[in-house]
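# Close look at the chain arrangement
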Amino acid sequence: MALVQGIDTDVVIGVTDTLTERSSIIRDEAVMWQPLLRSAVIKEHDYSIVAAYDQMNSDQKTAHLHKNGLNVVRTLLNLTVSISNEKILSHVLVLVNDVLADKDNIRYFEEVETEKGEDGKTLSAWEPFLNLLNRTDVFIVNMSSLILAKVISTGSLRLDAKNLTWFINWQAGQLLQNNTYLHTILASQQIMLRVTEYRQPFVHSTCLDKMLNILSTRISFQLQYQIVFCLWLLSFRTTYCFKLLEFIKPTAEILRQAIKEKVIRIIMQFYRNILDNHTSPRKPAELMIQGKVQVTVGQLRKKNWKDEDIKDDVEQVKTVLDTMLQDMSTFDSYLAEVKSGKLEWSPLHTNPAFWRENAQKLNQNDHEVLRMIKILLKDERDPTTLAVCAHDVGEYVRHYPVGKFNIEKLGLKERVVCLLENDDPKVKAAALLALQKLMLNNWEFLAKTNF
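My aim in this report is to walk through the structure given alongside it, one point at a time. (Residues numbered from 1 in each chain as written. Predicted model: local features only at pLDDT ≥ 70, side-chain atom pairs only at ≥ 80, totals over all residues. Heavy atoms only, no water.)

### Quick look at the overall build of the chain
Per the secondary structure count, the chain includes 28 helices and 2 strands. Rg of the C-alpha trace for the chain: 30 Å, well past the compact-globule value of 22 Å for 451 residues, more than 25% over. The buried share of the chain, reckoned over its 451 residues, is 52%. Counting contacts in the chain only where the partners sit at least 6 residues apart, residues at least 24 apart contribute 68% of the total. Of the roughly 21900 Å² of accessible surface on the chain, 50% is carried by carbon and sulfur atoms. Considering the chain, the positive charge centre built from 54 side chains and the negative charge centre built from 55 side chains are found 5 Å apart. (Helix = DSSP H or I, 4+ residues; strand = E, 2+ residues; numbered from the N terminus. Rg over C-alpha atoms; globule rule 2.2 N^0.38 Å. Buried < 20%, exposed > 50% of the residue type's maximum accessible area, 1.4 Å probe, protein only. Contact = heavy atoms within 4.5 Å. Areas by Shrake-Rupley, 256 points an atom, 1.4 Å probe, with all protein chains shown as cover. Lys, Arg positive; Asp, Glu negative; His and termini not counted. Charge placed at Lys NZ, Arg CZ, Asp CG, Glu CD.)

Written out as structure tokens, the structure is:
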């Protein structure tokens, strides 16, 4: 994958979304330019350029831009300022965005800011689109935001600090799951975050908080990809990695269920970056272990990937997590699993040697682990986690008899009793055995009894 200063240059921003669909309709709608000239809304010079250009097919427009790109762009910028009719303005914006489909055409926008027109004045290549964000028509607003992002990011033009902060804060306000133009807002941010100086004000805004909220809900794979793409761009900088730790849990869940290769690829690249660039790699590694990422990458490793980048990223992440797991003590692994909120039957739970060595450690930090187990005992969506939690309560008091007072004091016994009414027979059996261990002393006898 081609990288320029750590940035993927081959990512396709465009998606089939509301903006794309509306653009297709608007592009095919004919515009009567003559009445605008007669009413002096547009000047004769701009009329002659846009009327001719609008009649051309795609190939003709491409050829025309090579010869007269500066004049076309200057005219389109003039029209975004002079036209108030929403239908015609929308058409003009589609024409502008079509020009920017070829990244090389950004040079015409740069030239506009340095060369004087026939009236002797220079134009701002970005200000018209910033001003249009105050309009009420949602297509005009969102198309303007996308164009603005391209103009101030693709070439050498940059937005000043004041307007940049305003624009990013405006974007943050649009980051809502029910926004039908959410794809467009995220596409704008994917473009802008390629520019190093735009990342800090982005991190300091509420954009990441909004993204976290969206990512934690049920959204399309395309939105998942776009958000994680933004996180990946930020993860190249060590100073931002600490802010990205809270995204590991939701992305771990997405990775576990992901089908689309592009989503898997970008999450693995994000993980690899944050493990490489965080000042303390142990922190993201622990969060990934809590999220069962090491299990997921183990499964991904077995697949036949055509993309060598995915294979390499999976191997690298797996190597780091395996090494980290070896460095972590057995109890650290147990603690990480409890913090993940999802327990599974493993030697950590079923090995008596583990409990002989670690039962009293459940009392550490004001019974932190016991309090977390109590929370898990309230979640009846996962029968396996409930059964393992009940089992662990029993093993705790089995190997630390005095601990039964902690179990009662913290309210765990009450939660285990409630599990006797659970529909799952394995949960009910685990709860019954745990309660027997709480009330009796002959642990070894009970361990051999079938419940």
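### Concerning the side chain of D307
Residue placement: D307 occurs in the loop between α18 (293–300) and α19 (308–327). One polar contact links the side chain of D307 to the main-chain amide nitrogen of D309, over a distance of 2.8 Å. (Polar contact = N/O pair within 3.5 Å; in protein donor to acceptor, adjacent residues only side chain to side chain.)

### A short note on α18
Taken across its 8 residues, α18 has 6 buried, putting it largely inside the fold. Taken together, the buried positions of α18 are occupied by V293, Q294, T296, V297, G298 and L300. As for α18, its buried residues are in contact with α15 (248–257), α16 (261–277), α17 (282–290) and α19.

### A few points about the pattern of salt bridges
Taken as a whole, this structure holds 19 salt bridges when the rule is applied. R272 is the partner of D313 in a salt bridge, and the nearest nitrogen-oxygen pair spans 2.8 Å. Of the two residues, D313 is situated in helix α19 and R272 in helix α16; the sequence distance between them amounts to 41 residues. Since its relative accessible area comes to 5%, D313 is described here as buried. Exposure remark for R272: the relative accessible area of 23% places this residue in the partly exposed category. A salt bridge links K311 to E308, with the shortest nitrogen-to-oxygen separation between them at 3.6 Å. Here K311 pairs with E308, and both are found in helix α19, just 3 residues apart, close to one helical turn. With relative accessibility at 36%, the residue K311 sits in the partly exposed group. Take E308: its relative accessible area is 51%, and that puts it in the exposed class. Here the residues in one salt-bridge network are E261, R265 and D307, joined through shared partners. (Salt bridge = Lys/Arg side-chain N within 4 Å of Asp/Glu carboxyl O.)

### Thoughts on the nonpolar core
Note on soluble globular proteins: their nonpolar side chains tend to be buried together. Counting 118 residues, the largest nonpolar core has W33, F109 and Y271 as its most contacted members. Those residues in contact with F109, other than ones at most four positions away along the chain, are V73, V96, V99, L100, A125, V151 and L157. Counting residues in each nonpolar core, the second largest holds 36 residues, with V338, L348, L362 and L376 among its members. (Core = buried A, V, L, I, M, F, W, Y, C linked by side-chain atoms within 4.5 Å.)

### Details of unusual backbone geometry
A positive phi angle, close to 65 degrees, is found at K292, a residue other than glycine. Tracing the chain through its elements places K292 in the loop between α17 and α18. Judged by relative accessible area, K292 falls into the buried class, the value being 11%. A positive phi angle, near 50 degrees, is found at N365, a position not held by glycine.

### A few points about the environment of P128
Mapping P128 onto the fold places it in helix α7 (residues 127–131). As a C-alpha pair, P128 and S82 span 46 residues in sequence and 9.9 Å in three-dimensional space.

### Topic: the packing of helix α8 (residues 138–151) against helix α10 (residues 182–192)
Contact geometry for α8 and α10: axes closest at 9 Å, N-to-C directions at 10 degrees. By the angle between their directions, the pair α8 and α10 is classed as roughly parallel. Where α8 approaches α10, its residues N142, S145, L146, A149 and K150 are matched on the opposing element by T184, I185, A187, S188, I191 and M192. Grouping the amino acids of the contact of α8 with α10 by side-chain chemistry returns 6 nonpolar, 4 polar and 1 charged. (Axes fitted to C-alpha atoms, helices over the stretch in contact; angles between N-to-C directions. Parallel < 35°, antiparallel > 145°, perpendicular 65-115°, else oblique. Nonpolar A, V, L, I, M, F, W, Y, C, P; charged D, E, K, R; others polar.)

### Digging into helix α27 (residues 425–439)
End to end, α27 covers 21 Å across 15 residues, agreeing with the expected 21 Å (1.5 Å per residue, within 8%). Restricting attention to buried positions, one finds in α27 the residues V427, A430, A431, A434, L435, K437 and L438. Viewed end-on, α27 has its buried residues packed into an arc of 155 degrees, placing them on one side of the element. Turned more than 90 degrees off the buried face of α27, the exposed positions are P425, K426 and M439. Measuring from the backbone nitrogen of K426 back to the side-chain oxygen at the start of α27 gives 2.8 Å, which picks out D424 as the cap. (Expected span 1.5 Å × (residues − 1). Arc of directions from axis to C-beta.)

### Quick notes on the packing of aromatic side chains
Throughout the structure, instances matching the rule amount to 10 aromatic pairs. Pairing F167 with W170 gives two aromatic rings, centres 6.2 Å apart and planes at 25 degrees, and the pair type is stacked. Pair noted here: F167 and W170 are both in helix α9 (residues 161–174), with a separation of 3 residues, about one helical turn. In this structure F167 comes out as buried when scored by relative accessible area, which is 0%. Ring centres of Y225 and F229 lie 6.0 Å apart, and the angle between their planes is 45 degrees; this geometry places the pair in the tilted category. Of this pair, Y225 and F229 both sit in helix α13 (residues 221–234), 4 residues apart, which is roughly one turn of the helix. Neither residue differs from the other here; Y225 and F229 are each classed as buried. By the ring-pair criterion, three or more aromatic residues cluster together here, those being Y225, F229, W232 and F236. (Phe/Tyr/Trp six-rings, centres within 6.5 Å; stacked < 30°, edge-to-face > 60°.)

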